[in-house]
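# Remarks on the overall topology
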Amino acid sequence: MATASSTLLFDDIFTIDSIDAEGRKFDRVSRLRARSKNYDMDMTLDYNNELFPLKSGQSFALALASSLQRGGSKSDGAGDDGEEKEQDVWRPDGKGRRGLEDDYHYVMYGKVYKFDGANTEIVTVYASFGGLLMSLTGSFRHLTSIVLGDPIYLLIRQ
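The present account deals with the structure reproduced in this document. Computed from a predicted structure; not experimentally measured.

Looking only at helices and strands, one finds one helix and eight strands in the protein. The secondary structure elements of the protein, listed N-terminal to C-terminal, are β-β-β-β-α-β-β-β-β. The proportion of buried residues among the 158 residues of the protein is 37%. Once local pairs closer than 6 in sequence are excluded, the contacts in the protein between residues at least 24 apart make up 60%. Surface summary for the protein: the accessible area is close to 9200 Å², and the carbon and sulfur share equals 48%.

Even without being a glycine, D20 presents a positive backbone phi close to 55 degrees. Looking at the element boundaries, D20 is found in the loop between strand 1 (8-19) and strand 2 (29-36). Backbone geometry at D40 places phi at a positive 50 degrees, although glycine is not the residue there. Residue placement: D40 occurs in the loop between strand 2 and strand 3 (42-48).

Here the second largest pocket is characterised by a volume of approximately 240 Å³. For the lining of the second largest pocket, the secondary structure elements donating two or more residues are strand 2 and strand 7 (132-139). Partitioned by chemical class, the residues of the lining of the second largest pocket number five nonpolar, four polar and seven charged.

Where strand 5 (residues 106-116) meets strand 8 (residues 151-157), six bridges bridge the pair, whose relative direction is antiparallel. Looking at strand 8, one finds that Y109 is bridged to Y153. Across five bridges, the pairing between strand 5 and strand 6 (residues 122-129) is antiparallel. Across the sheet, the residue bridging to F115 is V125, located in strand 6.

This paragraph deals with the packing of aromatic side chains. A complete count under the given rule lists six aromatic pairs for this structure. Residues F14 and F60 carry aromatic rings whose centres are separated by 6.0 Å and whose planes lie at 15 degrees to one another, so their mutual orientation is stacked. On the criterion of sequence distance, the pair formed by F14 in strand 1 and F60 in strand 4 (residues 59-65) is long-range, its members being 46 residues apart. Residue classification places F14 among the buried positions, given a relative accessible area of 0%.

What follows concerns the environment of F26. Along the polypeptide, F26 turns up in the loop between strand 1 and strand 2. Between the C-alpha atom of F26 and that of N48, which follows or precedes it by 22 residues, the distance is 9.8 Å.

Definitions and cut-offs
- Residues numbered from 1 in each chain as written.
- Predicted model: local features only at pLDDT ≥ 70, side-chain atom pairs only at ≥ 80, totals over all residues.
- Heavy atoms only, no water.
- Helix = DSSP H or I, 4+ residues; strand = E, 2+ residues; numbered from the N terminus.
- Buried < 20%, exposed > 50% of the residue type's maximum accessible area, 1.4 Å probe, protein only.
- Contact = heavy atoms within 4.5 Å.
- Areas by Shrake-Rupley, 256 points an atom, 1.4 Å probe, with all protein chains shown as cover.
- 1 Å grid on protein atoms, 1.4 Å probe; cavity = no way out; pocket = protein on both sides within 12 Å on 5 of 7 lines; lining within 4 Å.
- Points joined across faces, edges and corners; volume = space filled by probe spheres on them.
- Nonpolar A, V, L, I, M, F, W, Y, C, P; charged D, E, K, R; others polar.
- Pairing = 2+ DSSP bridges.
- Phe/Tyr/Trp six-rings, centres within 6.5 Å; stacked < 30°, edge-to-face > 60°.

Structural data, given as structure tokens:
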């Protein structure tokens, strides 16, 4: 799992159990169900199947992060380092400092909108990435860094 100083909130390897089990609702969007290897988490995730094609039985690494910055140093933007912070943001033309997105094949940005703790041990975190939804269910111990209402990055690599 991620360290306290890291921007990573959660990371694990998942194996896809099924894709579009209830049928396809949209042309370019699929819904996968997967189970993690290390933390016994269950996940349902909507993703763009044209940008990132996946198959049932395939494994992938998934990470949830609060920022794409490496190293986990969070600055509040106050003071003289505000100019430096401006230069270090991600840019689509490749300029600026490289972040976590360089290590992954598929990245989405969204928000945690629901945190469901039906019982004390097992919880479910719900996030929306521009309408593409994710639910992650498992032990609360592995999801303590995720906060309701916070922005979140989902990163996947094969």
